[in-house]
Amino acid sequence: MTATDAKTDLRFYLQSARDALLWKLDGLPEYDVRRPLTPTGTNLLGLVKHAAGVELGYLGDTFGRPSGEPLPWLADAAEANADMWATADESREFVVALYRRAWAHADATIDALPLDTAGRVPWWPDGRDELTLHHAVVRVIADTHRHAGHADVLRELMDGAVGMNESNTSLPSSDPAWWEAYRSRLERAAREAADRSG
């Protein structure tokens, strides 16, 4: 496999995660994209904001290619987890546009540098802060897919929308009765296993 082929594969999986993450915002009102849905405050727009910072850091600053985007929520004096939620002043349009600019900046880094280019992660400890572009891209892909999975679960809990994108749910059925029967079967199996172990 050539470096060009490897970059094509990496870009494909990175873009599919980006698209999946943004798709989870589609059709939702402002409150729903922001509201915390877990005890730790996980919310859809915060996941997108976080993903933008990850791309700008790992695929920008790490390779001496700062984007110039002001990210005050990542400053040393910022409150903990400030990158995981959007303030009332940070509109959905602002966060999504920031994420799209982060994509463009990250993609330019991937295009400009060989995959074996070494970079230094500014927030990692000295002496353990070096990685290659290949490693950084894989790390960002993994992080973005992880958060796209979080977003998938959050969206399913809100209105039942699931899948990677509108045309690819990767589910065996779209029939609510099928899912109710399936879920009931899983519940029975869980209770049976608990009874056997207890």
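Residues numbered from 1 in each chain as written. Predicted model: local features only at pLDDT ≥ 70, side-chain atom pairs only at ≥ 80, totals over all residues. Heavy atoms only, no water.

Undergrad: When you look at the packing of helix α3 (residues 44–58) against helix α4 (residues 92–112) in this model, what are you seeing that I'm missing?
TA: When two helices pack together, their arrangement is captured by the angle between the axes and the distance separating the axes. Closest axis-to-axis distance for the α3/α4 pair is 9 Å, and the angle between their directions is 25°. The angle between α3 and α4 places the two elements in the roughly parallel class. Note that α3 runs across α4; the crossing there is left-handed. Here α3 contributes Leu 45, Val 48, Lys 49, Ala 51, Ala 52, Glu 55 and Leu 56 to the contact with α4, which in turn contributes Arg 92, Val 95, Leu 98, Tyr 99, Ala 102, Trp 103, His 105 and Ala 106. Class assignment for the residues of the contact of α3 with α4 results in eleven nonpolar, one polar and three charged. (Axes fitted to C-alpha atoms, helices over the stretch in contact; angles between N-to-C directions. Helix = DSSP H or I, 4+ residues; strand = E, 2+ residues; numbered from the N terminus. Parallel < 35°, antiparallel > 145°, perpendicular 65-115°, else oblique. Left-handed = near helix turned anticlockwise from the far one by under 90°. Contact = heavy atoms within 4.5 Å. Nonpolar A, V, L, I, M, F, W, Y, C, P; charged D, E, K, R; others polar.)

Undergrad: Where do I start with the nonpolar core in this structure?
TA: Most often, soluble globular proteins keep nonpolar side chains buried together rather than apart. Membership of the largest hydrophobic core comes to 27 residues, with the highest contact counts inside it found for Leu 21, Leu 22, Leu 25, Leu 44, Val 48 and Tyr 99. Put simply, the parts of the chain that give this core at least two residues each are α1 (3–23), α3, α4 and α5 (133–159). The greatest single-element share of this core, amounting to seven residues, is contributed by α3. For Leu 21, the contacting residues outside a window of four places in its chain are Leu 47, Val 48, Ala 51, Tyr 99, His 147, Ala 148 and Ala 151. Within the second largest apolar cluster, 19 residues are counted, among which are Leu 113, Leu 115, Leu 133 and Val 140. (Core = buried A, V, L, I, M, F, W, Y, C linked by side-chain atoms within 4.5 Å. Buried < 20%, exposed > 50% of the residue type's maximum accessible area, 1.4 Å probe, protein only.)

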